Amino acid sequence: MQFPLSSTNNAWEFSCFIRQSFAGSANNFGRLLLSINADADSGGYSGSTGAVGLMIQMGEAGSADQFQIFWDNGNSLMPLGNGFGIANGVYGQLKIKFDSLFTIDFQDNDSSQFYRVYTSDSLEYFSPQFLTLQSQFTSSNAQNFYWDDLYWGAPWVPSLPITFPFRSIVINEIMADPTPSVGCPEI
């Protein structure tokens, strides 16, 4: 499926939750394409179909299952890098971000921190306009692949928890005791 993305002029972020409950192979993998033009292949993105952009593949025909990152120049795929072993499948949050650097991070579901999969300073002018998600799987894996919680927009900064100085009095609940009394002592 393909989604148009709103135009961004400066910093941007894309994130999503991915669950691929199987080891990737030549017939079972997920792909994510951020492109500057629409994917020309209506049957699913197969690489070098005229779409120019960044492609991330989860799984491959060999035994080195990792996130694989490619640049598609519209005619051929050029490998940019790979990282984070996914031999047992993918289950976590993927974050692609451009600020002063272009970064791809992954947070495995059993971890509290993101792992840097890829970073580059050579994609500074890349401003994608389309998102293509592709799940290719055999019938035995038909219910073992999920994309969820998709976000596209300005880089998201989580709010910090409110902290109070030592020995502060914090009132976070008040029980009003109207008349008639509901069990609290009369004032």
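This write-up is about the structure you can find in this document. (Residues numbered from 1 in each chain as written. Predicted model: local features only at pLDDT ≥ 70, side-chain atom pairs only at ≥ 80, totals over all residues. Heavy atoms only, no water.)

Focus: the sheet that holds strand 7 (residues 90-98)
No. 1: Judged by pairing direction, the sheet is antiparallel, and its five strands sit side by side in the order 9-8-7-2-11 without closing on themselves. Single-partner strands in this sheet number two, and they are strand 9 (115-120) and strand 11 (145-153). Shown here is a sheet whose adjacent strand axes are inclined to one another by a mean of 15 degrees, direction ignored.
No. 2: Across seven bridges, strand 7 lies against strand 8 (residues 102-108) in antiparallel orientation. Looking across to strand 8, one finds that Phe 98 is bridged to Phe 102. (Pairing = 2+ DSSP bridges. Helix = DSSP H or I, 4+ residues; strand = E, 2+ residues; numbered from the N terminus. Axes fitted to C-alpha atoms, helices over the stretch in contact; angles between N-to-C directions.)

Focus: the nonpolar core
No. 1: By size, the foremost hydrophobic cluster in this structure holds 29 residues, and its most contacted members are Leu 32, Ile 56, Leu 94, Ile 96, Phe 102 and Ile 104.
No. 2: Apart from the residues lying within four places of it in its own chain, the contact partners of Ile 96 are Trp 12, Glu 13, Phe 14, Leu 32, Leu 34, Ile 56, Phe 102, Thr 103 and Ile 104. (Core = buried A, V, L, I, M, F, W, Y, C linked by side-chain atoms within 4.5 Å. Buried < 20%, exposed > 50% of the residue type's maximum accessible area, 1.4 Å probe, protein only. Contact = heavy atoms within 4.5 Å.)

Examining the pattern of salt bridges
No. 1: The tally for this structure, following the rule as stated, stands at one salt bridge.
No. 2: Of the charged contacts in the structure, one is a salt bridge between Asp 105 and Arg 116, with a shortest N-O distance of 2.4 Å. One end of the pair, Asp 105, is in strand 8; the other, Arg 116, is in strand 9, with 11 residues separating them in the sequence.
No. 3: Taking the relative accessible area as the measure of exposure, Asp 105 reaches 9% and is therefore buried. (Salt bridge = Lys/Arg side-chain N within 4 Å of Asp/Glu carboxyl O.)

Quick notes on the packing of aromatic side chains
No. 1: Counted under the stated rule, the structure contains three aromatic pairs.
No. 2: Note on Phe 145 and Trp 147: the rings are 5.5 Å apart at their centroids and 45 degrees apart in plane angle, and the pair reads as tilted.
No. 3: Through a chain of ring-to-ring contacts, the aromatic side chains of Trp 12, Phe 102 and Trp 152 assemble into a single cluster.
No. 4: Sitting over the face of the ring of Phe 114, Lys 95 holds its NZ or CZ atom 4.3 Å from the ring centroid. (Phe/Tyr/Trp six-rings, centres within 6.5 Å; stacked < 30°, edge-to-face > 60°. Lys NZ or Arg CZ within 6 Å of the ring centre and 35° of its normal.)

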